[in-house]
Amino acid sequence: MASRKRKTKGQLVIDLFLGEHVAGDASLKALVSIVFVVTVLLTFGSYVFAAQDKTQHLVTFAGDSIMQGTSATRAGRTVVGRLEELRPYWFVRNYSVAGASVTGNGVQWQPMNPHAVTPLLGDTIVVFLGTNDWGFNVPLDTFRTNYENFINVLEFLHPNIVCVTPIWRVNDGAKNTVGQTLGDYRAVIQNVCTAHEHSVIDGLPLVPHDAKYYDGYGLHPNDSGYAHYAKNLAKALDPLMAQ
């Protein structure tokens, strides 16, 4: 009695897929087998490419106490903490610190050093500065020069740069001691970044204009405010990420 050749695992899977009822038709079985294998490869390949697409974003944030997360009750409720859930495939390197600005105030607050930002090697660098320059009463021409110099340094390695104008604050519209509103600094950021062909996100719509979404100082969002900020920022950044 002739021994029956043992089938490989692949053949067994194909036979199971075919239901063995086409076993007598070799050509049909071969054709269906090819279709089955190609389908498996295409399906697997789509998962691989999808995973690669979702893991490609290395992002550097350069901001102040708001992006640092001041007044959030826990790390997971800051903007960066919430982005971990909203956009888990963004690797955010957060270079943000209280009092950060492009100018400083000549006393305890030094200007942020853009040369410390570039080594973080973000494919996309997102800049969240300006509200403290308003608070430090920096003349508008000085702010324009310093903001542009900051952007010039970031451009060294040719990353994708996105400028986010300051979010709303409870005293928005008030003038500082040099007679400028925060809106005047937003306009400078818009003009500088547009002139350098960088994308600009308007920060005003990112957090609701209501004191209940802010801390007692009216400057930093609270947990609810940061939730809006993170969700709206993620949507605004989606089409602007480096590819």
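Everything below is about the structure shown above.
In this text, all values refer to a predicted model and were calculated from it rather than measured experimentally. (Residues numbered from 1 in each chain as written. Predicted model: local features only at pLDDT ≥ 70, side-chain atom pairs only at ≥ 80, totals over all residues. Heavy atoms only, no water.)

1. Here we look at the overall build of the protein
Move 1: A count of helical and extended segments in the protein gives eight helices and five strands.
Move 2: Across the protein, the fraction of contacts at a sequence separation of at least 24, relative to all contacts at a separation of at least 6, is 75%.
Move 3: On the protein, roughly 13400 Å² of surface is accessible, and the fraction owed to carbon and sulfur atoms is 58%. (Helix = DSSP H or I, 4+ residues; strand = E, 2+ residues; numbered from the N terminus. Contact = heavy atoms within 4.5 Å. Areas by Shrake-Rupley, 256 points an atom, 1.4 Å probe, with all protein chains shown as cover.)

2. A few points about the pattern of salt bridges
Move 1: Using the criterion set out here, one finds three salt bridges in the structure.
Move 2: For Asp223, the salt bridge is made with Arg77, and the minimal N-O distance between the two is 3.2 Å. Taken as a pair, Asp223 in helix α8 (residues 223-237) and Arg77 in the loop between α3 (65-68) and α4 (79-86) lie far apart in primary sequence, 146 residues in all.
Move 3: When its relative accessible area of 15% is taken as the criterion, Asp223 is described as buried. (Salt bridge = Lys/Arg side-chain N within 4 Å of Asp/Glu carboxyl O. Buried < 20%, exposed > 50% of the residue type's maximum accessible area, 1.4 Å probe, protein only.)

3. Notes on the sheet that holds strand β5 (residues 199-201)
Move 1: The parallel open sheet is built from five strands, whose spatial order is β2-β1-β3-β4-β5. The open sheet has two free edges, formed respectively by β2 (90-96) and β5, since each of these has just one partner strand. Across the sheet, the mean angle separating the axes of adjacent strands is 20 degrees when strand polarity is ignored. (Pairing = 2+ DSSP bridges. Axes fitted to C-alpha atoms, helices over the stretch in contact; angles between N-to-C directions.)

4. Considerations on the nonpolar core
Move 1: One finds Phe61, Tyr229, Leu233 and Leu237 to be the most contacted residues of the largest nonpolar core, which totals 28 residues.
Move 2: The set of elements that each furnish at least two residues to this core consists of β1 (57-63), α3, α4, β2, β3 (124-128), β4 (160-164) and α8.
Move 3: Looking at which element gives the most residues to this core, the answer is α8, with six residues.
Move 4: What Phe61 contacts, discounting residues up to four positions off in sequence, is Met67, Val80, Leu83, Val92, Arg93, Asn94, Tyr95, Ser96, Val126, Phe128, Leu233 and Leu237.
Move 5: The next biggest cluster of nonpolar side chains, apart from the first, holds 25 residues, and it includes Leu129, Ile151, Leu154 and Tyr185. (Core = buried A, V, L, I, M, F, W, Y, C linked by side-chain atoms within 4.5 Å.)

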